[in-house]
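Okay, here's what each chain looks like letter by letter:
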Amino acid sequence: MSTHEFYMKRCIQLAKNGLGTTYPNPLVGSVIVYNNTIIGEGWHQKAGEPHAEVHAIANVKDKSLLKKATLYVSLEPCSHFGKTPPCCDLIVTNEIPTIVIGTKDPFAKVDGNGIKKLQDAGRNCIVGVLEKECAELNKRFFTFHQKKRPYIMLKWAQTADGFIAPLEKMENRPVWISNQYSRQLVHKWRTEEQAVLVGTTTALDDNPKLDVRDWKGNNPARIVVDRENKIPNHYHLKNDAAKTIVITEKEISNPTNQIYYESAIFDKSLVNHITAILYKHEIQSVIIEGGTKTIQQFIDWNLWDEARIFKSKFKLQSGIKAPNFENKTPFDRIKCGDDELLIIKNHD
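Residues numbered from 1 in each chain as written. Predicted model: local features only at pLDDT ≥ 70, side-chain atom pairs only at ≥ 80, totals over all residues. Heavy atoms only, no water.

For the protein, an unreviewed UniProt entry supplies the name Riboflavin biosynthesis protein RibD and the organism Flavobacterium orientale. Under the UniProt heading Function (unreviewed entry), the note attached to the protein is "Converts 2,5-diamino-6-(ribosylamino)-4(3h)-pyrimidinone 5'-phosphate into 5-amino-6-(ribosylamino)-2,4(1h,3h)-pyrimidinedione 5'-phosphate." (UniProt positions renumbered as here; feature names shortened; annotations may be inferred.)

And the structure:
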């Protein structure tokens, strides 16, 4: 590992501290190095607050060292005025001579302009250090700006014999297939993503809250595909606990500040209509939590980026089949108690 890669890995490590709190901004980490020693570091913590480079520079006790230091940052410094001033201006003002950048920023207002601004000011810019890892760090942000849709995660739990739920249930509540540790992990994921989506059947059968009661963090926006607007107003999804988007075929006015009705064409390309609606609402990431019919539509259209599948050891013997997801090689396998979690990336 080169010296530049060593310090860039620290930038990535720092940036991950902001997962779930920086939307709509990307995750960014920065370190400042002088004489092979880190003299300042920071990460972007929340939209509207100082960026990673600002925190790193502020963290340097002896500012005179900045003129002889190297600033590392996982994403191209911004060059425009947004909620905060341009980081490029701060770097130039402090006369930092060398800037090592993980990857370019695809956001239209940056997209190479930050690098150009630094170079025009006579700064030495080294671009593309651990570029793949830095892009993976901001897979949500990059997908949103480059593909004009959210980063899509499929999530479900299935039994050892391949069922996602029983055919019939005695109560209007979920039948848990995964264990308590897996369920807690899902709640952690919800704090890290902007939205969770379910279909009508899941909403009616389980009356889910789709919140993060088993973890500390922000509740995601709730998305429900409800063609005929069947979900009663007293169900959890229609309370004011979080922003809810109901995708329906009907034209319905918005009754509260937290519930948004969006009409869509329920044809064979429904999933494309759904992602367009989420893009309109500036949602950068969504977990598709089911059930099988909803998840299968995204699989059939190859409109997904990552799948997270819990496999339990017990069997149902009969029930609703899990999504058809064959010939996919897991990127990772993780034990969650008696459950096995498969992580699959879409490389198609």
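Draft legend 1. How the structure looks around the pattern of salt bridges. Going through the model one piece at a time under the given rule, you end up with 18 salt bridges. Between K139 and E306 there is a salt bridge, and its shortest N-O distance comes to 3.0 Å. With K139 in helix α6 (residues 139-147) and E306 in strand β13 (residues 306-311), this pair connects stretches of sequence that are 167 residues apart. For E306, a relative accessible area of 2% corresponds to the buried category. (Salt bridge = Lys/Arg side-chain N within 4 Å of Asp/Glu carboxyl O. Helix = DSSP H or I, 4+ residues; strand = E, 2+ residues; numbered from the N terminus. Buried < 20%, exposed > 50% of the residue type's maximum accessible area, 1.4 Å probe, protein only.)

Draft legend 2. Representation of the sheet that holds strand β5 (residues 124-127) in the model. If you trace the 5 strands from one edge of the open sheet to the other, you get β2-β1-β3-β4-β5, paired in mixed fashion. Each of the sheet's edge strands pairs with one partner strand only, and the pair in question is β2 (37-43) and β5. Strand after strand, the sheet turns through a mean of 20° between neighbouring axes, direction not considered. Strand direction decides the pairing type here: strand β4 (residues 98-103) and β5, joined by 4 bridges, are parallel. When the sheet's bridge partners are listed, I99 is paired in β5 with C125. (Pairing = 2+ DSSP bridges. Axes fitted to C-alpha atoms, helices over the stretch in contact; angles between N-to-C directions.)

Draft legend 3. Molecular detail of the packing of aromatic side chains. As enumerated under the stated definition, the model contains 7 aromatic pairs in all. Geometrically, the ring pair formed by W156 and F325 is edge-to-face, given 5.6 Å between the ring centres and 90° between the ring planes. Remark: F325 occurs in the loop between β14 (320-321) and β15 (332-336) and W156 occurs in strand β6 (residues 151-158); sequence separation between them is 169 residues. Grouping residues by exposure puts W156 and F325 together as buried. Among the aromatic residues, ring-to-ring pairing joins F6, Y7 and Y72 into one connected group. (Phe/Tyr/Trp six-rings, centres within 6.5 Å; stacked < 30°, edge-to-face > 60°.)

Draft legend 4. Local environment of the sheet that holds strand β16 (residues 339-345). One open sheet accounts for 9 strands, arranged β11-β10-β9-β8-β12-β6-β13-β16-β15; its pairing is mixed. Looking at strand neighbours, the two that pair on one side only are β11 (259-263) and β15, the edges of this open sheet. Averaged over all pairs of adjacent strands, the angle between strand axes in this sheet comes to 20°, irrespective of strand direction. For strand β8 (residues 195-199) and strand β9 (residues 221-225), the ladder comprises 5 bridges, and the chain directions are parallel. In the sheet register, L197 faces β9, and the bridge partner there is I223. Taken strand by strand, helix α10 (residues 292-300) contacts β6, β8 and β12 (285-290), and its axis lies near 135° from that of β6. (Contact = heavy atoms within 4.5 Å.)

Draft legend 5. Highlighting the side chain of Q284. Looking at the secondary structure, you find Q284 in the loop between α9 (270-280) and β12. Taking the relative accessible area as the measure of exposure, Q284 reaches 2% and is therefore buried. The residues contacting Q284, other than those within four sequence positions of it, are Y23, P24, R140, F141, F144, P150, Y151 and Q194.

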